[in-house]
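# Report on the structure
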Amino acid sequence: SSRLRAVTHSFARSAPRTAVVRSLASSSYGLDDRTAAAAIKRDESIRTQHLALNTDVPNASLAPGSVEVNADDVRRKRLVYRSKQRGWLEVDLLMGTFAVAHVPTMSAAEMDEYEAILNQETIDIFEYVTAKKAPPADIDTGMMHKLQDWANGSPVGTSPESYAQSKNNANMT
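A quick note: this is a predicted structure, and the numbers were derived from the prediction, not measured.

The next point concerns the overall build of the protein chain. Along the backbone of the protein chain there are nine helices and zero strands. Going from the N terminus to the C terminus, the protein chain shows its helices and strands as α-α-α-α-α-α-α-α-α. Restricting to contacts in the protein chain with at least 6 residues of sequence separation, those with at least 24 account for 54%. When the accessible surface of the protein chain is totalled, it reaches about 10500 Å², and 52% of it is carbon and sulfur.

Here it is in structure tokens:
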């Protein structure tokens, strides 16, 4: 279930594998050690595949005259897309407008920090960026502070008209 994946992921980031298995096995999920270990292994496999940067694209998707994919361009486009498609309008607008304005000029290290933020749950991103909750240490970086400054500047406005204009400007239909 998605709840099990979320628990597995949060444990897997912060605890040794044996501790994760014991914790899942003794939790309310009622998993035995073998089942918990299998769930963790499968979760890690799915996350690795999901987070891998796929540069194997059809030739029709290449820019006119191009013969190969630039992995840096693919990563930037993916970050912008993931920023705009969170599934929650406020976060889509906040992260999408930020990404359109900043991702094209980010360094590789800044993209790493930004991607770590995007890998969080949408509700958590909203609470961290709007400073309703303190972000965990691993994402409390310069990029998080840039996002918080962006949110404090109210870049998407405060009325339906300004939201519509922001969506239009960021090419978010």
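Right, let's talk about the confidence of the model for the protein chain for a bit. On average, the protein chain scores 79 in pLDDT, and the residues at 70 or more come to 77%. Across the protein chain, helix α6 (residues 108-118) holds the top mean pLDDT of 95, while helix α1 (residues 2-14) sits lowest at 42. Low confidence marks residues 1-16, where pLDDT is under 50. Its contacts with residues over four positions away, or in another chain, come to 21 contacts.

So, about the pattern of salt bridges. The final tally for this structure, using the stated rule, is eight salt bridges. Between R78 and E115 there is a salt bridge, with the nearest N and O atoms lying 3.0 Å from each other. One end of the pair, R78, is in helix α4 (residues 71-84); the other, E115, is in helix α6, with 37 residues separating them in the sequence. Between E110 and K146 there is a salt bridge whose closest N-O contact spans 3.8 Å. You can see E110 sitting in helix α6 and its partner K146 sitting in helix α8 (residues 142-152), a full 36 residues away along the chain. Residue K146 is classed as partly exposed on the basis of its relative accessible area of 35%. Because the salt bridges share partners, they merge into one network encompassing R75, R78, R82, D112 and E115.

Before going further, it helps to spend a moment on the nonpolar core. Ranked by size, the top nonpolar core spans 21 residues in total, and within it M95, V103, M106, Y114, I117, V129 and L147 carry the most contacts. If you list the elements that add at least two residues to this core, you get α4, α5 (89-102), α6, α7 (122-129) and α8. It is α5 that provides the largest number of residues to this core, a total of five residues. M106 has contacts with R76, F98, M111, Y114 and M143, leaving out every residue within four places of it along the chain.

A word on the side chain of R78. A polar atom in the side chain of R78 sits 3.0 Å from the side chain of E115. Ignoring any residue separated from it by four or fewer positions in sequence, one finds R78 in contact with H50, L51, A52, L53 and E115.

Conventions and cut-offs
Counting restarts for each chain: residues are numbered from 1 in the order of the written sequence. Confidence filtering applies because this is a predicted model: local features only for residues at pLDDT of at least 70, side-chain atom pairs given and counted only at 80 or more, and all residues used for totals across whole chains, interfaces and linings. To obtain the side-chain values, all non-hydrogen atoms of the structure were included, while hydrogens and water were left out. Strands are runs of DSSP state E lasting at least two residues, helices are runs of H or I lasting at least four, and both sets are numbered from the N terminus onward. Only heavy atoms matter for contacts: two residues are in contact if any of them lie within 4.5 Å across the pair. Every accessible area reported is derived by Shrake-Rupley at a probe size of 1.4 Å, with residue values counting cover from the shown protein chains alone. Confidence of the predictor at the level of single residues is given by pLDDT, which spans 0 to 100. Criterion for a salt bridge: a side-chain nitrogen of Lys or Arg within 4 Å of a carboxyl oxygen of Asp or Glu. Only protein chains enter the accessibility calculation, which uses a 1.4 Å probe; a residue is then buried when its area is under 20% of its type maximum, exposed when over 50%, and partly exposed in between. What makes a nonpolar core is a set of buried Ala, Val, Leu, Ile, Met, Phe, Trp, Tyr and Cys residues whose side-chain atoms join them at distances within 4.5 Å. In protein, a polar contact requires one atom able to donate a hydrogen and another able to accept it; more generally it is a pair of N or O atoms within 3.5 Å, and residues adjacent in sequence count only if both atoms are side-chain atoms.

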